[in-house]
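# Report on the structure
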Amino acid sequence: MATTSASASPMSSDFDRLRELKAFDATKAGVKGLVDAGITAVPRIFHHAVPAVEPEELCSPHHPQHGVARTRVPVIDLAAARSELVAQVKAVAETFGFFQVINHGVPDELLAETLTSIRRFHEEPAEAKKPYYTRDKTRRVRYECNFDLFESPAANWRDTLFMKMSPAPPGEEEVPSACRGIVSDYTTQVRRLAATLLQLLSEALGLHRGYLEHDAGGIDGLEVVGHYYPPCPEPRRTMGTTGHSDPSFLTVLLQDGIGGLQVHVDDDDNDGGDGGWVDVPPVHGALVVNIGDFLQLVSNDRFKSVEHRVLAMAVGPRISMACFFKTHDRCRVYGPIVNSPGDERPRYKTITVEEYVGYYLDRGLDGKSALEHFRL
């Protein structure tokens, strides 16, 4: 779990953490602003207690890393026969909870244009981005540095452009000109992919094909985040993104070629090897898919929403676009699916979306699964 370092403890007489957080947030320039100012040391608000990884891991994202499990994250070809796809998706959802897909139907050109648009926005002058900078969660489009800046134990080395695309997408004038049209085109395509994946996952659970998509409302809501991870002068002191799982049914991630994304695997899921952090290396034209917390809950732990993180690195910037598919109804109630009296007992409480999301946001990213709070 990430906490502040001893030298940067909130109890230190020379460090008023809240004051420094407020001062940083007031610049509305994010981490990119720090880098543009030419800093050579990571500010204390970004310090994590003990390096979450060895220095070798932080400095060499493209090479085999000391202490990192060597298991490959599966790549699934969606052009395969349906029965084969259901079996593959079932196997990976029950073990890794993470996989990459190829032949997914989203054109390579659109993938490239999407990443370019996110980079273009984040690299605009600070004054051009400031009108979008806000912590008002009711805004459908907002630019922010760490959604949990004031809740998490330590800040992460990234800036984010957030857009709520469904059920009511933002008006064209609300979207930054750098992304206008492109993000809409991209999310339309990815929503089709998410529907296909939820159909496969429904069948893998022994349910009718449309259950997770329609009955459970698994893609009724869509939120996207365009992350920008600037190069870091002291990567061992901080993280790009602290270990966490996602408050979604399904997440589809587009990442560039920089690397740094890792997923945590258990011993039992690592082909007899040691458990630990596994790289999710960029695969040209592929999209990364992971199971979200709500799918683990409704599947009663059959499917795994696993912890993942992004390293801070000296190289960069790293650009990514994550699409979080979920219900838009905060009053909706979810609980484990028990198909028959002979099924295993429910492992989670029946909860509302509001209960779960509220708890998730209040605690911030702290390296622990929010699901454990609702376990029976």
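Look up a bit, the structure's there.
Note that the structure is a prediction, hence the values are computed from the model and not measured.

With that settled, the discussion passes to the sheet that holds strand β9 (residues 276-279). Pairing is antiparallel in the open sheet, where 4 strands are placed in the order β6-β11-β8-β9. Where the open sheet ends on each side, the last strands, each with one partner, are β6 (241-244) and β9. When the angles between neighbouring strand axes are averaged without regard to direction, this sheet yields 25°. Alignment of strand β8 (residues 261-265) against strand β11 (residues 308-310), held across 3 bridges, turns out to be antiparallel. Within β11, the position partnered with Val263 by the bridge is His308.

Each regular strand displays side chains that alternate between the two surfaces of the sheet. Counting buried positions along strand β2 (residues 98-102) yields 4 of 5 residues, so the element is predominantly enclosed. Bridge count between strand β1 (residues 75-77) and β2: 3 bridges; the pairing is parallel. The residue bridging Asp77 from the neighbouring strand is Ile102, located in β2. In the sheet, β2 pairs with strand β10 (residues 287-291) via 4 bridges, with the strands oriented antiparallel. By the bridge assignment, Val101 is partnered in β10 with Leu287.

What follows concerns the environment of Ser305. Mapped onto the fold, Ser305 is located in the loop between α9 (293-298) and β11. In this structure, Ser305 is in contact with Ser245, Asp246, Ile291, Gly292, Asp293 and Gln296, ignoring residues within four places of it in sequence. Within the local environment of Ser305, its side chain forms a polar contact with the backbone oxygen of Ile291, the two atoms lying 3.3 Å apart. One polar contact links Ser305 to Asp293, side chain to side chain, over a distance of 2.6 Å.

One can find Thr160 in strand β4 (residues 159-166). Residue classification places Thr160 among the buried positions, given a relative accessible area of 4%. A polar atom in the side chain of Thr160 sits 2.8 Å from the side chain of His227. Thr160 has contacts with His122, Arg142, Tyr143, Glu144, Val225, Gly226 and His227, leaving out every residue within four places of it along the chain.

The next subject is the sheet that holds β1. One open sheet holds the 8 strands; their spatial order is β1-β2-β10-β7-β12-β5-β4-β3, and the pairing between them is mixed. Lying at the two open borders of the sheet, with one neighbouring strand each, are β1 and β3 (141-144). On average, each strand axis in the sheet is inclined to that of its neighbour by 25°, with strand direction left out of account. Pairing of β4 with strand β5 (residues 221-229), which is carried by 7 bridges, proceeds in the antiparallel orientation. Paired with Phe162 across the bridge in β5 is Val225. Relative to the sheet, helix α4 (residues 82-94) contacts β1, β2 and β10, its axis offset from that of β1 by approximately 165°. Packed on one face of the sheet, helix α7 (residues 182-204) meets β2, β4, β5, β7 (250-255), β10 and β12 (318-326) and runs near 55° to β12.

On to the packing of α4 against α7, then. Where α4 meets α7, the closest approach of the two axes is 9 Å, and the angle between their N-to-C directions is 80°. Relative to α7, the element α4 is oriented roughly perpendicular. Note on element contacts: α7 touches α4 through Gln199, Leu200, Leu201, Glu203 and Ala204, opposite Arg82, Leu85, Val86, Val89, Lys90 and Ala93. Here the residues of the contact of α4 with α7 are counted per class, giving 7 nonpolar, 1 polar and 3 charged.

Rules used in this analysis
- Residues numbered from 1 in each chain as written.
- Predicted model: local features only at pLDDT ≥ 70, side-chain atom pairs only at ≥ 80, totals over all residues.
- Heavy atoms only, no water.
- Pairing = 2+ DSSP bridges.
- Helix = DSSP H or I, 4+ residues; strand = E, 2+ residues; numbered from the N terminus.
- Axes fitted to C-alpha atoms, helices over the stretch in contact; angles between N-to-C directions.
- Buried < 20%, exposed > 50% of the residue type's maximum accessible area, 1.4 Å probe, protein only.
- Contact = heavy atoms within 4.5 Å.
- Polar contact = N/O pair within 3.5 Å; in protein donor to acceptor, adjacent residues only side chain to side chain.
- Parallel < 35°, antiparallel > 145°, perpendicular 65-115°, else oblique.
- Nonpolar A, V, L, I, M, F, W, Y, C, P; charged D, E, K, R; others polar.

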